Amino acid sequence: MSLQTLETYKDFIGTDEISFGGNNFEIYFEEDDFDNFIDKHIIQVGENITVVCRRFLDSGMTPDEVAGRMDVPVEFIRECMK
């Protein structure tokens, strides 16, 4: 497995015009024996916990409800509200 650098990505897509901050993302794994590979690895991609907290609050949940849903102290939720 290897990580792609900015320079190798520019070569791959054929342009120097790279933009960051978009709502696009790619993760790619290449493996000859993929079934064996995934039996020994956990791959998790998740949102920032503060973003999740704010999304729940914006949906109308109370701080107590969000704390219960996220299994975190209500004090953490109140910090996210600042």
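Preceding block: the structure.
A brief report on the enclosed structure follows. Computed from a prediction, not measured in an experiment: that's the story for all the values here. Per chain, residue numbering runs from 1 following the sequence as it is written. pLDDT decides what is reported in this predicted model: residues at 70 or higher carry local features, side-chain atom pairs at 80 or more are listed and counted, and totals for whole chains, interfaces and linings draw on all residues regardless. Only heavy atoms go into the side-chain values, all of them from the structure, while hydrogens and water stay out.

**Structural notes on the packing of helix α3 (residues 49–58) against helix α4 (residues 63–70)**
Quick note on the threshold: In this analysis an axis means a line fitted to C-alpha atoms, helices contributing only their contacting stretch, and an angle means the value between N-to-C directions, from 0 to 180 degrees. The secondary structure listing takes helices from DSSP runs of H or I that are at least 4 residues long and strands from runs of E that are at least 2 residues long, numbered from the N terminus. These descriptions rest on fixed angle ranges, namely under 35 degrees for roughly parallel, over 145 for roughly antiparallel, 65 to 115 for roughly perpendicular, and the rest for oblique. Here a crossing is taken to be left-handed if its near helix is turned anticlockwise relative to the far helix by less than a right angle, and right-handed if that turn runs clockwise. Whether two residues touch is decided by their heavy atoms; if any such pair falls within 4.5 Å, the residues are in contact. Classes in brief: Ala, Val, Leu, Ile, Met, Phe, Trp, Tyr, Cys and Pro nonpolar; Asp, Glu, Lys and Arg charged; the others, Gly included, polar.
Where α3 meets α4, the axes come as close as 9 Å, and the angle between the chain directions of the two elements is 135°. With respect to α4, the axis of α3 lies oblique. Seen along the crossing, α3 lies across α4 with a hand that is right-handed. Facing α3, whose interface residues are Ile-49, Val-52, Cys-53, Phe-56 and Leu-57, α4 presents Pro-63, Val-66, Arg-69 and Met-70. Residues that form the contact of α3 with α4 fall into these classes: 8 nonpolar, no polar and 1 charged.

**Structural notes on the pattern of salt bridges**
Note the following rule: By convention in these notes, a salt bridge is any Lys or Arg side-chain nitrogen within 4 Å of a carboxyl oxygen on Asp or Glu.
On inspection of all chains with the given rule, the structure shows 3 salt bridges. The salt bridge partner of Glu-7 is Lys-10, with a shortest N-O separation of 3.6 Å. Note that Glu-7 and Lys-10 are positioned in helix α1 (residues 6–13) at a spacing of 3 residues, about one turn of the helix. Where Glu-47 meets Arg-55, a salt bridge forms, and the shortest distance between an N and an O atom there is 2.3 Å.

Keep in mind these values describe shape, not function.
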